[in-house]
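What follows is each chain in one-letter form.
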Amino acid sequence: MSASSYPARRIVTAAAFLGAAGAIGLGTASSANAAAPAKVTVNVAQKGNYTAAICVGDILEARCADNVGKGQTKTFTVSPPKGTAVSVSVIVKGGGSADKSVVSNKTQLKFETAGSKAKPVVKQT
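Summary of the structure given here. These numbers come from a predicted model, not from an experiment.

Cut-off values and rules
Residues numbered from 1 in each chain as written. Predicted model: local features only at pLDDT ≥ 70, side-chain atom pairs only at ≥ 80, totals over all residues. Heavy atoms only, no water. Helix = DSSP H or I, 4+ residues; strand = E, 2+ residues; numbered from the N terminus. Buried < 20%, exposed > 50% of the residue type's maximum accessible area, 1.4 Å probe, protein only. Lys, Arg positive; Asp, Glu negative; His and termini not counted. Salt bridge = Lys/Arg side-chain N within 4 Å of Asp/Glu carboxyl O. Polar contact = N/O pair within 3.5 Å; in protein donor to acceptor, adjacent residues only side chain to side chain. Contact = heavy atoms within 4.5 Å. Pairing = 2+ DSSP bridges. Axes fitted to C-alpha atoms, helices over the stretch in contact; angles between N-to-C directions.

### Some details on the side chain of D58
Mapped onto the fold, D58 is located in the loop between β2 (52-57) and β3 (62-68). Of the side chains with opposite charge, R63 comes closest to the buried, unpaired D58, at an N-O distance of 6.4 Å. From its side chain, D58 meets the backbone nitrogen of S79 in a polar contact 3.0 Å long. The residues touching D58, leaving out its near neighbours within four places in the chain, are V78, S79, P80 and A85.

Given below as C-alpha cells:
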C-alpha cells in the first residue's frame, strides 16, 4: 500500500463508521434516509403581546431569530431526517418559554406563538 492511499483509506473508513454509528444512534431504518433529509419550510407567526426569540430546528441543527415582536412572521428552513421531529421554541424576553415538536412528512409547516409573557404557547396551525 502506498503512503498516499493510506490517509484516504482512513478517512473513508472513519466516514463509513461514523455514518453507521449515526444511523444506529438516531434509530433510522437506513443511512440513506439520514443522508437525504427533505427540506421543510417553517413559518412562525408571533401573536403574543411580548418580544421573544423564536427558534426552529431538527435533530441536526437549529436557527433562531431574536427580538420578534407581536405581528411579525419568521420563516425558517430545516432538513430533518425522515421520521424525526421539527421543533419550534419561543423564549420570551423577561418571561417564560414554550416549545412544540412535530413529526411530519410535509414540506411546509405553520406555527403561531401566543399566550402571555409569563406563559407563552406554541401551536401548530
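Still to come is the rest of the account.
### Digging into the sheet that holds strand β7 (residues 108-115)
The mixed open sheet is built from four strands, whose spatial order is β4-β1-β7-β8. The sheet is open, and its two borders are formed by β4 (73-78) and β8 (120-124), each paired with just one other strand. Within the sheet, the average angular offset between the axes of one strand and its neighbour, ignoring direction, is 25 degrees. One ladder, built from six bridges, connects strand β1 (residues 40-46) with β4; its direction is antiparallel. In the strand pairing of β4, V42 is matched with F76.

### As for the sheet that holds strand β6 (residues 97-103)
Ordered in space as β3-β2-β5-β6, the four strands form an open sheet in which the pairing is antiparallel. The open sheet terminates on both sides in strands that have one partner only, identified here as β3 and β6. Between one strand axis and the next, the sheet turns by 15 degrees as a mean value, whatever way the strands run.

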